[in-house]
Amino acid sequence: MNQVSPAALPGSAIVEPATWRDLNSLRNLEKVCFPLDVWPLWDMVGVLTFPGVVRLKATRDGELAGFIAADIRRSENTAWISTLGVLPAFRRQGLATTLLRACEAQLQVPRIRLSVRASNLAALRLYSQFGYKQQGIWSEYYSDGEDAWVLEKAL
Ligand SMILES: CC(C)(COP(=O)(O)OP(=O)(O)OC[C@H]1O[C@@H](n2cnc3c(N)ncnc32)[C@H](O)[C@@H]1OP(=O)(O)O)[C@@H](O)C(=O)NCCC(=O)NCCS
């Protein structure tokens with residue numbers, strides 16, 4: 001389930017499965033990409049090691065540039081994208097698009113969901129381009145009181 005052939009991307013980036021060896025790089029990426037919502041260390045260990053998780057990284061010259069993970073919940077016939085981040089130096093180069101496409105291709109479930117800050121226009125545009133629609137709102141979901149939009153896509 002978590003296998004993907006390393007694929008060359010524009011600008012010589014590579015997308016491939018992430019492993020526990022990426023923990024330190026992932027901690028840095030999450031801190032930079034989600035300064036208000038940094039995961040506890042245990043969540044990062046979990047996303048890199050737990051079964052039933054699709055975890056893909058984009059690297060350039062061996063350095064982590066982007067990361068996506070999705071939990072497959074078979075009992076709900078749903079996968080949840082738990083994180084998608086690209087370091088600022090690598091943005092607007094199609095890395096998130098490539099990571100999301102590769103992740104979706106591995107999710108053999110009827111629907112995918114995720115939550116995103118209501119003000120995150122970059123992410124909302126990205127997901128809209130992929131066909132995600134607003135399915136609900138989690139009021140004051142984030143620690144600073146911002147609402148989360150729950151998005152859903154039927155596969
Ligand atoms: C959102 C994020 C993952 C996009 O990564 P990226 O690699 O720059 O995205 P892509 O280059 O694949 O862009 C795909 C589309 O997303 C949208 N998009 C990306 N960045 C955008 C921005 N700054 N403003 C407006 N739209 C944007 C555009 O529609 C873009 O298509 P286009 O370039 O043809 O206009 C990245 O900005 C990021 O890591 N942000 C911080 C973390 C975050 O918000 N993650 C999502 C939480 S669910």
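Structure shown above.
Residues numbered from 1 in each chain as written. Predicted model: local features only at pLDDT ≥ 70, side-chain atom pairs only at ≥ 80, totals over all residues. Heavy atoms only, no water.

> Explain the pattern of salt bridges here, please?
Any two side chains of opposite charge can pair if their charged atoms end up close together. On inspection of all chains with the given rule, the structure shows six salt bridges. Among the salt bridges present, the one from D37 reaches R117, with a minimum N-O distance of 2.9 Å. Of this pair, D37 sits in the loop between α1 (23-33) and α2 (41-49) while R117 is found in strand β6 (residues 111-117), placing the two residues 80 residues apart along the sequence. Overall, R117 belongs to the buried group, its relative accessible area being 11%. A salt bridge links E146 to R117; its shortest N-O distance comes to 2.7 Å. Linking E146 in the loop between β7 (133-138) and β8 (148-154) with R117 in strand β6, this pair joins segments that are 29 residues apart in sequence. With relative accessibility at 18%, the residue E146 sits in the buried group. Three or more residues joined by partner-sharing salt bridges are found here, namely D37, R117, D144 and E146. (Salt bridge = Lys/Arg side-chain N within 4 Å of Asp/Glu carboxyl O. Helix = DSSP H or I, 4+ residues; strand = E, 2+ residues; numbered from the N terminus. Buried < 20%, exposed > 50% of the residue type's maximum accessible area, 1.4 Å probe, protein only.)

> What's the story with the pairing of β8 in this structure? I'm lost.
Consecutive side chains along a regular strand alternate between the two faces of the sheet. Pairing of β6 with β8 involves seven bridges; the strand directions are antiparallel. Following the sheet pairing, S115 is matched in β8 by V150. Note that β7 and β8 share five bridges and pair antiparallel. Across the sheet, residue K133 finds its bridge partner in β8, namely E152. (Pairing = 2+ DSSP bridges.)

None of this, on its own, says anything about what the molecule does.
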